[in-house]
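# Secondary and tertiary structure notes
What follows is the residue order along each chain.
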Amino acid sequence: MAKRIDVTGLTAFYGAHRAIDDISMHVEPRSVTAFIGPSGCGKSTFLRTLNRMHEVTPGGRVEGQVMLDNEDLYGPGVDPVQVRRTIGMVFQRPNPFPTMSIYDNVVAGLKLNGKFSRAELDDVVEKNLRGANLWNEVKDRLNKPGSGLSGGQQQRLCIARATSVEPDVLLMDEPCSALDPISTLAIEDLISQLKSRFTIVIVTHNMQQAARVSERTAFFNLAAVGQPGKLIEIDTTDKIFSNPTQQATEDYISGRFG
Amino acid sequence: MSDTVKDLNGRTPATAATGKDGAAADGGSPGGEGRNGKRSGSTRVLRPATLKQPRLPRWAPAALVAGSLGVGVLTGVLGGLESRLQWGLIAALVFVAATFAVTTIVEGRRQATDRLAASLVWTSFVVAILPLASLLWETIARGIPGVSWYFLTHSMNGVLSWQEGGGIYHALLGTVQQVLLASVIAIPIGLLTAVYLVEYGRGRLAKTITFFVDVMTGIPSIVAGLFVLSMWIMMLGFGYSGFAGALALSILMMPIVVRSTEEMLKLVPGELREASLALGVPKWRTILKVVLPTAIGGITTGVMLALARIAGETAPIILLVFGSNMINSNPFEGAQSSLPLFVYEQWAFGTESAYDRAWAAALVLIAFIMILNLVARGIARWKAPKTGR
Amino acid sequence: MPAIQTDSSPPGGGLEPEPRRTSAVRPGDRIFSGLSKGAGITLLVIMAAIAVFLSIRAAVAIEANDGNFLTTFEWDANASPPYFGIAVLLFGTVVSSVIAMVLAVPVAVGIALFISHYAPRRVAGILGYVVDLLAAVPSIIYGLWGALFLVPQMTGLYSWLDQFLGWTGVFAYDNTPARSLMTVGILLAIMILPIITSVTREIFKQTPKAHEEAALALGATRWEVIRMTVLPFGRSGVISASMLGLGRALGETMAVATVLSPAFLINISLLESGGGTFAQNIASQFKEAGSMGRDALIASGLVLFLLTLLVNGAARLIIARRKEFTS
């Protein structure tokens, strides 16, 4: 049930500081959209406004509109808990719950939403671990702690955990930056499989990665340190990497700065 | 967890086999719910129909607090319950129960559990703050009338328990002398032990010392008193004196000094030591001239907190200093008094004027200790940037 | 420059590997390391001396005791032959401390959560500070407040308990002044609250942000985040903090001596006066005790010492194991 996201005039604050300014864009369902840009340009902050994680940070505040199909995430009466439940997230560093087994990690989100029979849970665990290309590696030690896995395996476990609640959208905040090249490749493969089921938004520092996995790419930039980050342009990945309309994008892509 | 293991082990081979084709089929199906039909009780659709969630209005918690307070007071008055404790307990119970009930109806179960937890946390906060606030309030309100210059500068010599007047000069003098003597003993030993643990200590001896320092922190003050009693007074035959009390206080003080100094020394960056050693400065001079001065702010704070802690000790003083109504300025000979002991003695007399003196002395004691604490924390804050904390 | 290199290891670096020739060159180093090592050993000697001296005196008393040290219900240590036992004291000490634990731990965990996860930031800072200050209030002041303010407040609550739960016997109440083990337990709970809170709070604060965010991103409410990440992470910390609090409660003297109306009997009802604790008994009997009486009190003090040693040792071991586990 992948959904489309429409953002209009979104501004995010840390206390009095304006982190990103007046961003409007849309994200296509069942495709991968990549956010690129130099450090501090607000791409991670913007990502966190898409599932209302930004307001968890002390002083975090958001203005503007984010439509998921036809519901405004920031509309009156909307429960941030439901939003996060519907829009899953994978973080920069793999963060499986250290006190839970691999099995319990996968079903952690599910268990919040009600009672399930053992068979149902078993099903979900297997399906999502297979979906995360992890099943064959861990099927014999499902009851072992998740923290015993390698970094790449842990990150795939986190992806399985996020997909297990069947979200509409999957947000990924530099999911490979803490991983070695081989694990990175495994995650990238996984992303291209997952896009058939989810709307995926990925923040990355790595332009090759953006070129490899995404259909559309958004370039963010900031005028100077301390200034708010802005969306410079968003288009198909081919277009951004071969023939961008903005000079700043071209400079960044060609490695002239950042 | 063991049943999980069994369950999984028993099940794994079978599903692993069926799973293979399942995974292939899964790849394309959007929700991946294709396989659910095979199992009875298939996975329910989890996705909420809407992101909206009926919520209680913002003023609801305040209204619930007010309402439950009202119920508490009302039952208290109508039921003729004497103690305010009962009123408060009724109000707290009504608040927690009502919040849970109302939220369950309006927002649903999960939100209700969340609110229940929040209201319990708030309630426990209030439950804890009340007695502590009352303690401070009572001490201040009942103590202030008794505190005067006369009270601070006279002893209890010749004042009978039911009479008014008298003062705490002898007790103040005793407390100051005993605490100073105790720190003269405890600070060098404590500092050196901390230096040993951080700069030299390795292996089994250091581990043993660390463990026993921790355990020593938990020695009841009365046990420290009994130890000095059995050794100093009963075995070695010395009499009651301020010094005997100071010995017991120093035992209580040492582990606190070690602990805080250790923490501070560990914060001194290793590069500082290396820089000094690389200049050819011997290790002991490095410690004395570089390491200790860098950490001095934090160490002072720790020592003052330890002082504040032992200044309020009563139990060993009862056993070792014995108590006296007269001014005895020699801590090495004869019974003395101390502030906490004075409070205890006056309480034990049980007359109104003695109670007044007890509260007044308690106020002086609390003020003494709070000033030590505030100054100590002030030093900690003032020195903080230099130690890189 | 091998000597310098071994020396320059950061905190915890040792002196032992230093070659012998340099130690001959630097008597200063030798003296200083000897002094600091000596100080550490002094601490161990003091701990040993406490055990030895208390045991010697205790042996004298137990030798002469006409009653059974463990099971006798009376304390007549000044008589000849002396007749005393610690049954009542052990009961009173354990019961009042357990009451204190049961009341204080949940509330302390609540306040710690309040400070770490519920209160606004600035409020949390101030509160943490206040909690630390309260930990410094001397026990005699808690005792004075307990005896003169808390005791009269408790009668209403106790007759209430008697009304509803009096049939159990444990909560029977005879409307005498509430100078009972229950009041002592409540007062001890108030006293150990700050220490348990401040240790627990520190541990809750260390919960990795990444885990809390992971739970949030799954659509967990604030309480579910706490239940999934903060509580499992802090569990052993809460246990050891509680045991530190228990250690305090076991050895508390003045607050018990002022509040409790002692009697050498074990009362089924926790609300009625009577009973005693080790520390309270020592403080109240000391002035009237003769030489044998003191030895008997020291014997009871030895039991208290061992009890607190056990509890504190266990708490520290849990903390130490946790440290290894997390680092």
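Residues numbered from 1 in each chain as written. Chains lettered and ligands numbered in written order. Predicted model: local features only at pLDDT ≥ 70, side-chain atom pairs only at ≥ 80, totals over all residues.

## Remarks on the overall build of chain A
- Looking only at helices and strands, chain A features 10 helices and 10 strands.
- Whereas a compact globule of 258 residues would reach a radius of gyration of roughly 18 Å, chain A reaches 18 Å, a difference of no more than 12%.
- If one aligns the C-alpha atoms of chain A with their principal axes, the spans along those axes are about 55 × 45 × 30 Å.
- Per-residue burial over chain A gives 53% buried out of 258 residues.
- A fraction of 68% describes how many contacts in chain A between residues 6 or more apart in sequence connect residues 24 or more apart. (Helix = DSSP H or I, 4+ residues; strand = E, 2+ residues; numbered from the N terminus. Rg over C-alpha atoms; globule rule 2.2 N^0.38 Å. Buried ≥ 20, exposed ≤ 12 C-beta atoms within 10 Å, placed from the backbone. Contact = placed C-beta atoms within 7 Å.)

## Points about the environment of A118(B)
- Take A118(B): it is sitting in helix α4 (residues 109-143).
- Separated by 19 residues in the primary sequence, A118(B) and T99(B) have C-alpha atoms spaced 9.9 Å apart.

## Observations regarding the interface of chain B and chain C
- The interface is formed by 83 residues belonging to chain B together with 79 residues belonging to chain C.
- Here the element with the most residues in the side of chain B that touches chain C is α4(B); it accounts for 18 residues.
- Split by residue class, the side of chain B that touches chain C holds 55 nonpolar, 16 polar and 12 charged. (Nonpolar A, V, L, I, M, F, W, Y, C, P; charged D, E, K, R; others polar.)

## Details of the environment of M370(B)
Residues and elements named next belong to chain B.
- Structurally, the position occupied by M370 is in helix α14 (residues 352-383).
- Here M370 falls in the partly exposed class, since 15 other C-beta atoms lie within 10 Å of it.
- Between the C-alpha atom of M370 and that of A295, which follows or precedes it by 75 residues, the distance is 23 Å.

## Focus on the interface of chain A and chain C
- Contact residues are listed per partner, giving 19 residues for chain A and 16 residues for chain C.
- If you list the elements that add at least two residues to the side of chain A that touches chain C, you get α2 (80-86), β6 (87-90) and α3 (102-112) of chain A.
- Per element, the largest residue contribution to the side of chain A that touches chain C is four residues, and it comes from α2(A).
- Of the residues that constitute the side of chain A that touches chain C, the class distribution is 10 nonpolar, six polar and three charged.

## Things to note about the nonpolar core
- Among the nonpolar cores identified, the biggest contains 282 residues, and V343(B) and A361(B) are the most heavily contacted of them.
- Split by domain, the residues of this core number at least three in each of domain 1 (60-144) and domain 2 (169-387) of chain B.
- The residues touching V343(B), leaving out its near neighbours within four places in the chain, are A358(B), A361(B), A362(B), L365(B), I140(C) and L144(C). (Core = buried A, V, L, I, M, F, W, Y, C linked by C-beta atoms within 7 Å. Domains from an automatic or database assignment.)

## Quick look at the pairing of strand β2 (residues 17-27) of chain A
- Strand direction decides the pairing type here: strand β1 (residues 5-14) of chain A and β2(A), joined by seven bridges, are antiparallel. Across the sheet, residue A12(A) finds its bridge partner in β2(A), namely I20(A). (Pairing = 2+ DSSP bridges.)

## A look at the pairing of strand β7 (residues 169-173) of chain A
Residue and element names in this part refer to chain A.
- Most of β7 is tucked away, with five of its five residues classed as buried.
- Burial along β7 is two-sided: V169, L171 and D173 facing one way and L170 and M172 facing the other are all buried.
- In terms of strand pairing, β6 meets β7 through four bridges, oriented parallel. Looking across to β7, one finds that G88 is bridged to L170.
- Here five bridges tie β7 to strand β8 (residues 199-203), and the two strands are oriented parallel to one another. Opposite L170, over in β8, you have I200 as the bridge partner.

## So, α3(A)
Residues and elements named next belong to chain A.
- In terms of residue burial, α3 counts as a mostly covered element, since 10 of its 11 residues are buried.
- Of all the residues in α3, the buried ones are I102, Y103, D104, N105, V106, V107, A108, G109, L110 and L112.
- A positive backbone phi angle near 145 degrees is found at G114, which sits one or two residues after α3.

## Description of the environment of M100(A)
Residue and element names in this part refer to chain A.
- Mapped onto the elements, M100 comes out in the loop between β6 and α3.
- It is 5.7 Å that separates the C-alpha atoms of M100 and P145, two residues lying 45 residues apart in sequence.
- When sequence neighbours within four positions are dropped, the list of residues in contact with M100 reads N105, A108 and G146.

## A word on the packing of helix α6 (residues 169-200) of chain B against helix α11 (residues 283-311) of chain B
Residues and elements named next belong to chain B.
- The contact between α6 and α11 brings their axes to 10 Å, and the two run at 140 degrees. Between α6 and α11, the angle is such that the two are oblique. Between α6 and α11 lies a crossing whose hand is right-handed. From α6, T175, V179, A182, S183, I187, V195 and E199 reach across to α11, where they touch I287, V303, L307, I310 and A311.
- Of the residues that constitute the contact of α6 with α11, the class distribution is nine nonpolar, two polar and one charged. (Axes fitted to C-alpha atoms, helices over the stretch in contact; angles between N-to-C directions. Parallel < 35°, antiparallel > 145°, perpendicular 65-115°, else oblique. Left-handed = near helix turned anticlockwise from the far one by under 90°.)

## Some remarks on the confidence of the model for chain C
Residues and elements named next belong to chain C.
- In this model, chain C carries a mean pLDDT of 86, and residues with pLDDT of at least 70 account for 91%.
- In the model, residues 1-24 has pLDDT below 50 throughout and makes 30 contacts with residues more than four positions away in sequence or in other chains.
- Here the prediction assigns the complex a pTM of 0.84, and the interface score ipTM is 0.88. (pLDDT = per-residue confidence, 0-100.)

## Side note on unusual backbone geometry
- Note the cis peptide between S80(C) and P81(C), where omega equals 0 degrees.
- Inspection of the secondary structure assignment puts P81(C) in the loop between β1 (75-76) and β2 (83-84).
- A positive phi is found at R30(A), a non-glycine position, where the angle reads about 50 degrees.
- Mapped onto the secondary structure, R30(A) falls in the loop between β2 and β3 (32-36).
- Accessibility expressed as a C-beta count within 10 Å gives 16 for R30(A), which makes it partly exposed.
- With phi around 75 degrees, F322(B) is a residue other than glycine that occupies positive phi space.
- With respect to the element layout, F322(B) can be found in the loop between α12 (315-320) and α13 (339-349).

## Things to note about the packing of α6(B) against helix α3 (residues 27-64) of chain C
- Where α6(B) contacts α3(C), the axes come no closer than 7 Å and their chain directions differ by 110 degrees. Classified by the angle their axes make, α6(B) and α3(C) are roughly perpendicular. In the crossing of α6(B) with α3(C), the sense of the turn from one axis to the other is left-handed. In this structure, α6(B) contributes I189(B), L192(B), T193(B), V195(B), Y196(B), L197(B) and Y200(B) to the contact, and α3(C) contributes S33(C), L35(C), S36(C), K37(C), A39(C), G40(C), T42(C) and L43(C).
- Classifying every residue of the contact of α6(B) with α3(C) gives nine nonpolar, five polar and one charged.

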